[in-house]
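Chains, contacts and geometry: an overview
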Amino acid sequence: MTRPLYEVSPNTWNFLKTPMIKPTGFREYDARWKYPEEINLPGMTALGLGLGTQMIARGIDPVIAVGNDYRDYSLAIKNALILGLMQAGIHVKDIGPCITPMAYFSSFHLGGCAVAMVTASHNPNGWTGVKMGFNMPLTHGPDEMSELKDIVLNGKGEAREGGKYEFVDGVWDAYMDDLVGDFKMTRKLKVVCATGNGTAGAYAPALLERLGVEVVPSHNELDYTFPNYNPNPEAMEMLHDMSATLKASGADLALGFDGDGDRCGVVDDEGEEIFADKVGVIMARDLSKLYPGSTFVADVKSTGLFASDPELKANGVKADYWKTGHSHMKRRVHELGALAGFEKSGHYFMASPVGRGYDDGMRVAVEICKLMDRNPDMKMSDLRKALPKTWSTPTMSPYAADTEKYEILDRLVDKLVAKHAAGDSFAGQPIKDVVTVNGARVILENGSWGLVRASSNTPNLVVVCESSVSEEELRAIFKEIDDVIRTEPGVGDYDQTF
């Protein structure tokens, strides 16, 4: 295998024939590049050859299911990836265009094969990437990604005989059957279904209708130009649009799905946009009645209520806070035998007996409908108001270059740890602890906190804050965190604030 170049000029002979892969695309738990600026089609073939070589080296059965999201360039990229996998001697089962959780499901449906999903996830158009895993529900983490990066960038991919291509039909039907089972709503429920013209539009409306829900469609037509907004239920633009549609239609709640369908956002009947970690607490309360003593994993960006909520404590819940990132969370849920994992970004990991352990926005939609059915006298706003009151920010991402962000973060963590060691106050409160499992989460004596970490899949830092006292304290915590961040000249503007 030829060693890929890091840069090749577009519209040249070399760009057509020589693999080009920017090293920063190999991230903590999946691969993402701007296309074609950071990877070309021969580069994707080199990635496929490397992934197939990694499978053989690890003794993985040489069979892989491959799917692609609904973007105008995803099919070409998938075909280039497939070419490399076949070169490596892998039997490729092409499941066609799909959402990421259907690709994960296909492993179970097809007998336990590996999975590679070509998707830019919720990133804007111009991005592409691959989510992959050898043993579902687990997907590549830092060790596997580091190994794959070494194979690909150092030209260690090995061609072998035996490569095979097969198109597999029928996975969509099997996946939908698996999601719904024999469940049917017993209460009337009117739900705004928002997909931002992304791939989930081919799934979510049909799924909700099958459950017996009245669907209010919102941008469900597939359109890879994303004419309304980028499908990302963590972005306030999408949540505001969902809220407006809900108020206009008188729906009971709104569910929104990201570009590859593995995340879900929620707006309640009053038009209140409930951040995913709070939805997680609502779901954990409900599930812990059915399964007392359960363990729930929450990512470090999530509310402190998983550990402090009186109702969860009464149900014997054990809370575990872990690293942000779908691969980190899947692995932690699996290792602890947790019932579910919740991430503030809207990834939910429902494990047995509720789900299969991977992040699936469609599974979340089903479970929220079941939750509403089990609580026929409650509105979603009632369930939200029943939680202890906290004030929290959206996820905010200031720019930091991929090549610099981890070094910047290390310095920020050191500065925040030093504040704690010096006994400094923070937003008028003593610092109780600084948790550094994933960035720095500064926890105050009253339970309020502020977090800074590095984004694993974009050139950004990530900032989230929560106050158990007031919005005024929330703003003070954010100012404290931001003041430390602004000591680093390599950090740019935020994508959104509050």
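Since this is a predicted model, take the numbers as computed values, not measurements.

**Some thoughts on the UniProt feature "domain: Alpha-D-phosphohexomutase alpha/beta/alpha" (unreviewed entry) in the protein chain**
Mapped onto this numbering, the UniProt entry gives "domain: Alpha-D-phosphohexomutase alpha/beta/alpha" (unreviewed entry) at residues 25-154, 173-271 and 277-389. In residues 25-154, helix accounts for 41% and strand for 22%; the two terminal C-alpha atoms are 15 Å from one another. Secondary structure content for residues 277-389 is 48% helix and 14% strand, while the C-alpha to C-alpha distance between its ends is 13 Å.

**Brief notes about the sheet that holds strand β20 (residues 449-454)**
Ordered in space as β16-β21-β20-β19-β18-β17, the six strands form an open sheet in which the pairing is antiparallel. Lying at the two open borders of the sheet, with one neighbouring strand each, are β16 (391-392) and β17 (425-426). Looking at chain direction, strand β18 (residues 429-435) and strand β19 (residues 440-444) are connected through four bridges and run antiparallel. By the bridge assignment for β19, Val-435 is matched with Arg-441.

**Overview of the pairing of strand β12 (residues 295-299)**
The buried fraction of β12 amounts to five of the five residues, a majority that puts the element mostly inside the structure. Residues of β12 alternate between two faces, with Thr-295, Val-297 and Asp-299 on one and Phe-296 and Ala-298 on the opposite face, all of them buried. The sheet contact formed by β12 and strand β14 (residues 340-342) spans three bridges and is parallel. Following the sheet pairing, Ala-298 is matched in β14 by Phe-342.

**Description of unusual backbone geometry**
Cis geometry is adopted by the peptide bond preceding Pro-137, which originates at Met-136 and carries an omega value of 10 degrees. Tracing the sequence through the fold places Pro-137 in the loop between β5 (127-133) and α5 (142-153). Cis geometry is adopted by the peptide bond preceding Pro-353, which originates at Ser-352 and carries an omega value of 10 degrees. Relative to the helices and strands, Pro-353 resides in the loop between β15 (348-350) and α13 (361-374).

**Quick word on empty space enclosed by the protein**
By rolling a water-sized probe across the atoms, one finds the places where empty space is left. This structure, assessed with the given rule, holds two cavities of 30 Å³ or more. Approximately 100 Å³ is the volume found for the largest cavity. Lining of the largest cavity is provided by 14 residues; of these, Pro-233, Glu-234, Phe-275, Ala-276 and Lys-344 occupy positions nearest its centre. If one sorts the elements of the lining of the largest cavity by residue count, strand β10 (residues 264-267) sits on top with three residues. Looking at the second largest cavity, its volume works out to about 60 Å³. Every residue along the wall of the second largest cavity is listed here: Tyr-175, Asp-178, Leu-179, Gly-355, Arg-356, Tyr-358, Asp-360 and Arg-363. Partitioned by chemical class, the residues of the lining of the second largest cavity number three nonpolar, one polar and four charged.

Rules behind the numbers
- Residues numbered from 1 in each chain as written.
- Predicted model: local features only at pLDDT ≥ 70, side-chain atom pairs only at ≥ 80, totals over all residues.
- Heavy atoms only, no water.
- UniProt positions renumbered as here; feature names shortened; annotations may be inferred.
- Helix = DSSP H or I, 4+ residues; strand = E, 2+ residues; numbered from the N terminus.
- Pairing = 2+ DSSP bridges.
- Buried < 20%, exposed > 50% of the residue type's maximum accessible area, 1.4 Å probe, protein only.
- 1 Å grid on protein atoms, 1.4 Å probe; cavity = no way out; pocket = protein on both sides within 12 Å on 5 of 7 lines; lining within 4 Å.
- Points joined across faces, edges and corners; volume = space filled by probe spheres on them.
- Nonpolar A, V, L, I, M, F, W, Y, C, P; charged D, E, K, R; others polar.

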